[in-house]
Amino acid sequence: MTTLVLRGIGELCTCDPRRGPPPGVVRNAAVLAEDGIVTFAGPEAGLPRIAAGEVTDEIDCAGAAVIPGFVDAHTHLVWLGDRSGDYAARAAGATYEGIAASGGGIASTARATSGGTEEELVAAARQRARAMLAQGTTTVEVKSGYGLGHDAEMRMLDAARALQVDPDMPDVVTTYMPLHARSAEPAYIDDVCTRGVAAAEPRARFVDAFCERGAYSVAECQRLFVAAAAHGLRVKVHAEQRSRSGGARLAARVGAVSADHLEHASDSDLRALAAAGVNCVILPGAALMLGGPPPPGRRALDAGARLAVATDCNPGTCYSESMPLMLSLSVALAGLTPAEALVAATAGGAHALEMRDRGAISEGRRCDLVVLNSRAWIDVAYHLGGDVVRDVVLGGRLVRGR
Ligand code: NIG
Ligand code: FE
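### Some details on the pairing of strand 10 (residues 234-239)
Working step 1: Judged by how many residues are buried, strand 10 sits mostly within the fold: five of six residues are covered.
Working step 2: Of the strand pairs in this sheet, strand 9 (residues 206-209) and strand 10 are connected by two bridges, and their pairing is parallel. Directly across from Phe-206, in strand 10, lies its bridge partner Arg-234.
Working step 3: Examined bridge by bridge, strand 10 and strand 11 (residues 258-261) share four bridges and lie parallel to one another. Of the residues in strand 11, the one forming a bridge with Val-237 is Ala-259.

### Structural notes on the domain arrangement of the protein
Working step 1: What the domain assignment lists for the protein is domain 1 (3-68 + 359-400) and domain 2 (70-352).
Working step 2: Computed over C-alpha atoms only, the centres of domain 1 and domain 2 are separated by 29 Å.
Working step 3: Facing the 24 residues of domain 1 at the interface are 24 residues of domain 2.
Working step 4: Buried area between domain 1 and domain 2, both sides added, is near 1800 Å², and the carbon and sulfur share of it is 74%.
Working step 5: Counting the surface domain 1 buries against domain 2, the share from its top three residues, Gly-359, Ala-381 and Leu-394, is 23%.
Working step 6: Close ionic contact of Arg-366 with Asp-171 constitutes a salt bridge, the shortest N to O distance being 3.9 Å.

### What to know about the coordination of the iron ion (ligand 2)
Working step 1: Only His-74 (NE2), His-76 (NE2), His-238 (NE2) and Asp-312 (OD) from the protein coordinate the iron ion (ligand 2), and they sit 2.1 to 2.4 Å from it.
Working step 2: Each donor residue of the iron ion (ligand 2) lies on one chain, and together they are spaced H-x1-H-x161-H-x73-D. Note that His-238 is positioned in strand 10 and Asp-312 in the loop between strand 13 (307-309) and helix 12 (323-334), a separation of 74 residues in sequence.
Working step 3: Given a relative accessible area of 1%, Asp-312 falls into the buried group.

### Overview of the layout of surface pockets
The rolling of a water-molecule-sized probe over the atoms marks out the regions of remaining empty space.
Working step 1: There is about 450 Å³ of room inside the largest pocket.
Working step 2: Secondary structure elements with two or more residues in the lining of the largest pocket: helix 13 (338-345) and helix 14 (347-352).
Working step 3: Sorting elements by how many residues they give to the lining of the largest pocket places helix 14 first, with four residues.
Working step 4: Partitioning the lining of the largest pocket into residue classes produces 13 nonpolar, five polar and six charged.
Working step 5: The residues that make up the lining of the largest pocket include at least three from each of domain 1 (3-68 + 359-400) and domain 2 (70-352).
Working step 6: If you add up the space inside the second largest pocket, you get close to 290 Å³.
Working step 7: Residue lining of the second largest pocket: 19 residues in total, with Tyr-87, Met-289, Pro-315, Cys-318 and Tyr-319 positioned closest to the centre.
Working step 8: For the lining of the second largest pocket, the secondary-structure elements that each account for two or more residues are helix 1 (84-91), helix 10 (284-290) and helix 12.

### Brief notes about empty space enclosed by the protein
Working step 1: This structure, assessed with the given rule, holds one cavity of 30 Å³ or more.
Working step 2: Roughly 110 Å³ of internal volume is contained in the largest cavity.
Working step 3: Together, 14 residues line the largest cavity, and His-76, Tyr-96, Ile-106, His-180 and Thr-317 are the ones closest to its centre.
Working step 4: Residues belonging to the lining of the largest cavity are distributed by class as follows: four nonpolar, eight polar and two charged.

### Looking at the site of ligand 1
Working step 1: The full set close to ligand 1 counts 15 residues, and Tyr-96, Tyr-146, His-180, Gln-241 and Thr-317 are the nearest of them.
Working step 2: The contact in question runs from a nitrogen atom of ligand 1 to an N or O atom on the side chain of His-180, over 2.8 Å.
Working step 3: The contact in question runs from an oxygen atom of ligand 1 to an N or O atom on the side chain of His-261, over 2.9 Å.
Working step 4: Relative to its free-state accessible area of 330 Å², ligand 1 is covered by the protein chains to the extent of 100%.
Working step 5: Comparing atom positions with the cavity grids shows ligand 1 to sit within the largest cavity.

### What to know about the side chain of Ser-144
Working step 1: Inspection of the secondary structure assignment puts Ser-144 in the loop between strand 7 (137-143) and helix 5 (150-164).
Working step 2: Judged by relative accessible area, Ser-144 falls into the buried class, the value being 1%.
Working step 3: There is a polar contact of 2.5 Å between the side chain of Ser-144 and the side chain of Glu-153.
Working step 4: Leaving out residues up to four positions away in the same chain, Ser-144 has contacts with His-76, Glu-153, Met-156, Leu-157, Thr-175, Tyr-176, Met-177 and Pro-178.

What counts, and at which threshold
- Per-chain numbering applies: the sequence of each chain, read as written, is numbered from 1 onward.
- Throughout, the order in which chains and ligands are written sets their labels, letters from A for the former and numbers from 1 for the latter.
- For a predicted model such as this one, the threshold for reporting local features is a pLDDT of at least 70, and the threshold for listing and counting side-chain atom pairs is 80 or more; totals across whole chains, interfaces and linings nevertheless cover every residue.
- Hydrogens and water molecules were not included; the side-chain quantities draw on all heavy atoms of the structure.
- A simple rule labels every residue: compare its accessible area, found with a 1.4 Å probe on the protein chains alone, to the largest value its type can have, and call it buried under 20%, exposed over 50%, or partly exposed in between.
- Here a strand is any run of E in DSSP of at least two residues, a helix any run of H or I of at least four, and the numbering for each starts at the N terminus.
- Two strands pair under a simple rule: DSSP has to find at least two bridges between them.
- Note that the domain bounds reflect an automated or database-derived domain assignment.
- Whether two residues touch is decided by their heavy atoms; if any such pair falls within 4.5 Å, the residues are in contact.
- By buried area we mean how much accessible surface two parts lose on assembly, using a 1.4 Å probe and totalling the loss over both.
- Criterion for a salt bridge: a side-chain nitrogen of Lys or Arg within 4 Å of a carboxyl oxygen of Asp or Glu.
- Coordinating N, O and S atoms are those within 2.8 Å of the metal (3.2 Å for Na, K and Ca), and as water is not part of the atoms, a site may appear to have fewer donors than expected.
- Method remark: on a 1 Å grid restricted to protein atoms, a set of points is classed as a cavity if a 1.4 Å probe fits but cannot get out and as a pocket if it is open with protein on both sides within 12 Å along at least five of seven lines; lining residues have an atom within 4 Å of a point.
- Grid points are joined across faces, edges and corners, and a volume is the space filled by probe spheres set on the points.
- Classification used: nonpolar for Ala, Val, Leu, Ile, Met, Phe, Trp, Tyr, Cys and Pro, charged for Asp, Glu, Lys and Arg, polar for all others including Gly.
- Neighbouring residues are identified by heavy atoms, a residue being near a molecule or strand if any of them is within 4 Å of it.
- We define a polar contact as two N or O atoms separated by no more than 3.5 Å, with the added condition that, inside protein, one atom must be a possible hydrogen donor and the other a possible acceptor, whereas residues neighbouring each other in sequence contribute only through side-chain atom pairs.
- Residue burial considers only the protein chains on display, and all accessible areas are found by Shrake-Rupley using a 1.4 Å probe.
- To qualify as sitting in a cavity or pocket, a molecule needs more than half of its atoms within 2 Å of the grid points.

As structure tokens, this is what we get:
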């Protein structure tokens with residue numbers, strides 16, 4: 001048995017609603033984990049007595065704040081190639097849609113990514129996943145979507161799965177996203193809905209599609225979701241990102257796990273998502289980088305929806321691995337309080353991935369947590385772009401200390 005003890009926690013943000021108002025703070029706290037599972041989280045005075053020989057590892061937090069590891073529930077981590085040219089072109093006045101229409105955008109990343117070997121994809125993704133872990137992300141969802149053809153899509157999923165078995169990486173959850181940039185191949189959707197979903201079944205937990213003008217229609221996305229559901233894949237939707245295209249209503253209709261982006265969603269769309277129990281995932285980095293309406297964090301909460309915040313880490317709309325930055329942006333752009341942002345980035349992310357064993361620091365959950373470089377948890381959002389992470393504990397194991 002491995003036993004980890006954290007003592008001297010000034011503010012323990014449990015993100016457990018049973019601990020009072022968000023983020024469920026316990027002061028002068030300690031955490032005990034056995035074989036990677038939290039067995040005690042509470043006031044240090046109540047820490048069970050442990051014989052010295054039983055402790056495998058001990059962290060003295062020296063008054064620092066501790067929060068749950070981030071659950072980044074929406075990323076496109078696996079890609080090759082470079083889109084800095086798109087970024088510069090947009091800064092000079094080009095639009096995301098204009099770049100895509102002239103063969104750039106997602107299609108250009110797909111050309112570079114589909115030509116890569118699995119080893120090249122793994123190496124590129126590993127570097128980004130390592131940067132995520134260093135910034136406190138302990139679980140990351142990874143989508144395919146730059147393959148735009150059967151073999152390359154499966155290669156992307158296999159590359160993500162190679163990280164899944166690496167104990168020094170955040171825990172990886174995979175999503176099959178065959179409908180991203182529009183394919184020029186007329187039979188592409190037929191192929192995806194037959195061979196694609198069958199081959200994705202053992203490789204992915206979720207399916208996703210870009211429901212948008214110039215990408216895929218509501219009917220095309222729905223066709224994919226029905227085919228994927230027959231293979232046990234749970235549904236996520238890129239919805240209402242660039243225009244109000246119907247993705248949110250589709251998500252509500254098919255009982256999706258999450259609808260993501262949602263900048264153009266109306267209040268009634270958000271209420272429909274809330275009523276259907278669909279998690280709303282905001283991606284404030286992409287919203288900031290592309291311009292347009294703000295991410296609807298406040299509006300989603302007011303509609304009664306459950307909310308997650310994620311990076312969307314990708315080469316086109318948000319090249320960032322940083323969840324702390326997303327917290328800051330959620331407060332600045334999406335109208336969330338810092339506490340709401342922290343809960344959305346942890347417990348909210350876990351809900352958006354249907355993972356009930358993480359996202360909060362409480363008995364029986366995985367011991368995934370972050371010791372901050374600060375005594376005040378709020379600094380994780382307040383210190384914009386700051387070096388806020390001191391230590392990361394992944395499944396009860398210290399993976400980054402200083
Ligand atoms: O979530 N909206 C579509 N997909 C990504 C962008 C991917 C890209 O531009 O490469 C997103 O923003
Ligand atoms: Fe995305």
